[in-house]
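Summary of structural features
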Amino acid sequence: MMIHSLELLHFRNYEREIFEFDEETNVLYGDNAQGKTNVLEGIYLCSTSRSHKGSRDREMILMGQEDAHLKMFVEKNQICHKIDVHLKKKKAKGIAIDGIPVKKSSDLLGMCHVVFFSPEDLAIIQNGPEARRKFIDMELCQLDHIYLHHLAKYKHVLKQRNELLKQISINSKLLDTLDIWNSQLVEYGTYVIKARTEFVGKLNGYIRKIHNNLTGGKENIELTYEPNVTASAFAQELVVMEKKDLFTKTTNTGPHRDDLSFVSENKDLRKYGSRGQQRTGALSLKLTEIQIVEEKTGEKPLLLLDDVLSELDRNRQNYLLEHIKGIQTIITCTGLEEFVKNGVNMQKTFEIVSGSVKR
């Protein structure tokens, strides 16, 4: 899989620009706040229908404009496809694949598999559980549309159940309807729990070796999925927690409260790992993500690296750059010195200045 080109029109600080990418290493360089990360955001948006920053559509439209257009050509299974994304200030975004509008934004997932790695991802271990759930969900949603369906349904039912819990405090007669939402929550939540369990098992199959190599054989790592409740006990636990749910007016049980632990040398890196160990664990996780995508799809994903080299020491830089050979990679950085030092074959470079490519 590879991206041939990306066109940005009125997107972020880009008036209009077209990027034609090489199949291997592409480097976007320049001073800070010039628009390098915006290019990666545009690729991620065309691949997943959302911003990696969580930005709203209107926030990504060039100031003074009412809409923005993005066009990306991607080759998948030796077939070239065109992805169009139309952002609007006052309406929902429009998405089309090969000129055919898609009904739901989620239909875009899986069309172009991307692995995004930014300085914020280096903090995934030390951040709260939500960041780790987001990592699992985003990867599974790209790889498994059945999971995407069940997760979306689970979130919808969870929202409805929480709203009902608030209404019951006003009208107790509504308590009789709680069982209806419970059964649906268990149906969709059970699938989510089982899929996450299997996924973390697959992650462990790769991350042990990658982490061991990354640390020069000095450290091992183990990922442990920490479900808030097991699939088999979910229905019963909802009954047990009903009084607490009614008191707090929110659902206290379910996969929306899951977590993922990183254990190295019998030490939980979330609590006791040094900053360096946490970064190494996060890097191992991202490199493992590449392996998982290739195993599932038979193709290498696109790798987006947003100024992460400056956050890594020389050994980790070398390992990362060596590991991504043969993968189409788009990297942002302030200068090219690190690539020259590491002997990286930069197939194509783009100097970004104020939302345009300096020619």
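Scroll up for the structure.
In this report, we go over the structure that sits alongside the text. (Residues numbered from 1 in each chain as written. Predicted model: local features only at pLDDT ≥ 70, side-chain atom pairs only at ≥ 80, totals over all residues. Heavy atoms only, no water.)

Here we take up the overall build of the chain. What the chain contains, in helices and strands, is 10 helices and 14 strands. Judged by the C-alpha coordinates and their principal axes, the chain covers about 70 × 55 × 35 Å. Taking all 359 residues of the chain together, 51% fall into the buried category. Considering only contacts within the chain whose residues lie at least 6 apart along the sequence, 71% involve residues at least 24 apart. On the chain, roughly 17200 Å² of surface is accessible, and the fraction owed to carbon and sulfur atoms is 48%. Counting 51 positive and 50 negative side-chain charges, the chain places the averaged centre of each group 4 Å from the other. (Helix = DSSP H or I, 4+ residues; strand = E, 2+ residues; numbered from the N terminus. Buried < 20%, exposed > 50% of the residue type's maximum accessible area, 1.4 Å probe, protein only. Contact = heavy atoms within 4.5 Å. Areas by Shrake-Rupley, 256 points an atom, 1.4 Å probe, with all protein chains shown as cover. Lys, Arg positive; Asp, Glu negative; His and termini not counted. Charge placed at Lys NZ, Arg CZ, Asp CG, Glu CD.)

Here the focus is the side chain of R133. With respect to the helices and strands, the residue R133 is situated in helix α2 (residues 129-143). It is E130 that comes nearest to the buried, bridge-free R133 among opposite-charge side chains, at 5.3 Å. Apart from the residues within four sequence positions on either side, R133 is in contact with R196, P255, H256, R257 and D258. (Salt bridge = Lys/Arg side-chain N within 4 Å of Asp/Glu carboxyl O.)

Another aspect to go through is the pairing of strand β5 (residues 79-88). Two strands pair when backbone bridges link them, and strand β4 (residues 67-76) and β5 are joined in this way by 10 bridges, in the antiparallel orientation. Bridge assignment links A68 to a residue of β5, and that residue is L87. Bridging between β5 and strand β6 (residues 94-97) involves 4 bridges; their strand directions are antiparallel. Residue pairing across strands places V85 opposite I95, the latter belonging to β6. (Pairing = 2+ DSSP bridges.)

Here the focus is the packing of helix α4 (residues 178-214) against helix α9 (residues 314-323). Contact pair α4 / α9: the axes reach a minimum separation of 10 Å and the direction vectors enclose 135 degrees. When the interaxial angle is binned, α4 and α9 end up oblique. Touching I210, N213 and L214 of α4 are R316, Y319 and H323, all from α9. Residue composition of the contact of α4 with α9, grouped by class: 3 nonpolar, 2 polar and 1 charged. (Axes fitted to C-alpha atoms, helices over the stretch in contact; angles between N-to-C directions. Parallel < 35°, antiparallel > 145°, perpendicular 65-115°, else oblique. Nonpolar A, V, L, I, M, F, W, Y, C, P; charged D, E, K, R; others polar.)

One pass over the full model with this rule turns up 0 disulfides. Looking at the unpaired C112, the closest cysteine sulfur is the one in C46, lying at 8.7 Å. (Disulfide = S-S within 2.5 Å.)

Here the focus is the sheet that holds strand β9 (residues 222-226). Read across the open sheet, the 3 strands follow the order β9-β10-β11; overall the sheet is antiparallel. At either margin of the open sheet sits one strand with a lone partner, and together these are β9 and β11 (267-268). Pairing analysis gives 5 bridges linking β9 to strand β10 (residues 259-264), with the strands arranged antiparallel. Each bridged residue has a counterpart across the sheet, and for E222 the counterpart in β10 is V263.

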